[in-house]
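Coordinate analysis (summary)
Spelled out, the chains give:
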Amino acid sequence: MSKLPNTTTSIFSVMSQLAEKHNAINLSQGFPNFPIDERLLQISERLLSTNIHQYTPMVGLPSLLEKIAYLTKENYGRELDVSSELLITTGATQGIYTAINAIVANGDEVIILDPSYDSYEPSVLVAGGRPVRISLNDDYSPDFNRIESAITIKTKLIIINNPHNPTGKIWKESEFEALETLLEKYPHVLLLSDEVYEYISFIHPHISVHTRPKLADKAIITSSFGKSLHVTGWKVGCLIAPERLMNEIKKVHQFLVFSVNSISQHIISEYLDIVDFSEIATMYAHKRGLFQEALKNSKFELLPSEGTYFQVVNYTEISNKKDIEFAKDLITKHGVAAIPISVFYKNETDKQMLRFCFAKTDETLLAAAERLIAI
Ligand code: PMP
C-alpha cells in the first residue's frame, strides 16, 4: 500500500521536460539561470582546499548559526538563543518535512491554504496527519472565517507561506493581527511559516512572523539560502523555533540528515559577512519591471506581483482551455514554459492562470516576452 498514492511526477518536472523537448524558453521552474555572485565563487574555490569536508555539529556549523542569529536580530529585531532555537536544514523542503514529522502525529489535522506549495501535503500524509486544504480568497488573501471553521480539536498546525508561491501575495499587518487573534482563541494550534522569499518584496515590505512575538512563540519559521543567494542547487536552509518545539524537530533531523553538507555551510557562513540582502530585492524589482513592461501590450492580464520572483497572468482573452492544456500548448506552439496554477489546489481550481518565473537573465525574459506578445 502506498503512503502517497496520488503523488506522481511533479508538474515542475513535466513542464521542464516538455520545455526541453521543444526547445522552449523555460519560465516554469523557480530557479535562476544567471551566474552566482563572483565573490561567492571565489570563496567556494578558496575554501574547497581547506579542512571543511567532515561532519559539522548536528544542528549546523556554529559560525553559520551565529550569523543567522545576527541577521534575524538585524532584520527583524528578534533575539535568538543560538544553542537551542536554530537548525540548519537541507533546504527549506527538508526543514518543512522534518518539522511536520516531528510535530504532527497520527490523525492530527494540518490546515493548508490553497494555492499551496507542493511539499506540504505529502509531508503531512507521511506523518499520518490529515491535510485540510482550504482556499484563499479570490485576491489570494487569507479568509479567516474559512480558516476558523476548519479548526477542530485535532488541528495541530496551520501552514502559511509569505511571500507566497505561486501568487506573489504578501500578507498585510491587519492579516497578521487577525491570525494572532485566531491563534489566541485556539491555543492548541501551532504555526509553520514558510518565508523562503523573505528578501523579495516590491510593493510593501514583507512582515515576518519573527516580528510578531505572539506568533513567534508558537511558530516554526523556515528560510532558504537557495532562494536568498541564488544557489537553489546547494539545498541549504534553516528552521527557527522555540526550544520546546526545536527539541522535537532535532530528534527527527538527527536520524533523517544528522548534519547538512559541510562545504555549503562553510561557504555560506563566510559569504554572509559580505552579502547585502537589500540588493536581491532591487535586482528582482528590475527583472519584474522589465518583464511586466515587455508584456504590457500582450493579451495576458498581469496580476499584482507583490513579492517572490513569480508573475501570475490570466489568459482568458486568448483561450478558454484548461490551464494545464493551455500551458502545454504554450510550450509546443509558442515556445515558452510556465506553470498552471490549478496544480497548487487540492480541488484543481482552474481560473485560467499561469505562473511565470522571472528569476532569469534579462535576455531570457525579453525573448520569452517577444513570443508571448505575438500570441
Ligand atoms: N517553500 C516554497 C514556497 C518554495 O517555493 C520552495 C522552493 N521552490 C521551497 C519551500 C523549498 O526551498 P528549498 O529549495 O530551500 O528546499
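Ordered in space as 2-8-7-6-5-3-4, the 7 strands form an open sheet in which the pairing is mixed. Only two strands of the sheet have a single partner each, and these edge strands are strand 2 (86-89) and strand 4 (130-135). The average angle at which neighbouring strand axes cross in this sheet is 20°, direction not considered. The sheet contact formed by strand 6 (residues 190-194) and strand 7 (residues 219-224) spans 4 bridges and is parallel. Bridging from a neighbouring strand, Asp194 pairs with Thr222 of strand 7. The strands touched by helix 10 (residues 243-256) within the sheet are strand 2, strand 6, strand 7 and strand 8 (237-240), with strand 2 carrying the most contacts at an inclination of about 30°.

What follows covers the pairing of strand 5 (residues 155-161). For strand 5, a buried count of 6 out of 7 residues is recorded, marking the element as mostly surrounded by other parts of the structure. Note: strand 3 (residues 109-114) against strand 5, 4 bridges, orientation parallel. Its bridge partner lying in strand 5, Glu109 is registered against Thr155. For strand 5 and strand 6, the ladder comprises 5 bridges, and the chain directions are parallel.

Segmenting the protein chain into domains produces domain 1 (11-37 + 277-373) and domain 2 (51-271). Relative to domain 2, the C-alpha centre of domain 1 lies at a distance of 26 Å. Taken together, the contact pairs 32 residues of domain 1 with 33 residues of domain 2. For the pairing of domain 1 and domain 2, the buried interface totals around 2,900 Å² over both sides, and the portion due to carbon and sulfur atoms is 63%. Linking domain 1 with domain 2 are 3 salt bridges.

Among the secondary structure elements, His210 is positioned in the loop between strand 6 and helix 8 (213-216). Within the structure, His210 has its side chain in polar contact with the side chain of Arg78 (distance 2.9 Å).

Glancing now at the nonpolar core. Nonpolar side chains in soluble globular proteins tend to be buried together. In this structure, Leu330 and Phe356 are the most contacted members of the largest nonpolar core, which totals 94 residues. Looking at which element gives the most residues to this core, the answer is helix 4 (residues 91-103), with 6 residues. Of the domains in this structure, domain 1 (11-37 + 277-373) and domain 2 (51-271) are the two that each give at least three residues to this core. Not counting residues within four places of it along the chain, the set of residues in contact with Leu330 comprises Phe300, Gly335, Val336, Ala338, Leu354, Phe356, Leu372 and Ile375. Counting residues in hydrophobic clusters, the runner-up holds 30 residues, among them Tyr140, Phe176, Leu191 and Ile221.

Conventions we followed
- Residues numbered from 1 in each chain as written.
- Predicted model: local features only at pLDDT ≥ 70, side-chain atom pairs only at ≥ 80, totals over all residues.
- Heavy atoms only, no water.
- Pairing = 2+ DSSP bridges.
- Helix = DSSP H or I, 4+ residues; strand = E, 2+ residues; numbered from the N terminus.
- Axes fitted to C-alpha atoms, helices over the stretch in contact; angles between N-to-C directions.
- Contact = heavy atoms within 4.5 Å.
- Buried < 20%, exposed > 50% of the residue type's maximum accessible area, 1.4 Å probe, protein only.
- Domains from an automatic or database assignment.
- Buried area = accessible area lost by both parts, 1.4 Å probe.
- Salt bridge = Lys/Arg side-chain N within 4 Å of Asp/Glu carboxyl O.
- Polar contact = N/O pair within 3.5 Å; in protein donor to acceptor, adjacent residues only side chain to side chain.
- Core = buried A, V, L, I, M, F, W, Y, C linked by side-chain atoms within 4.5 Å.

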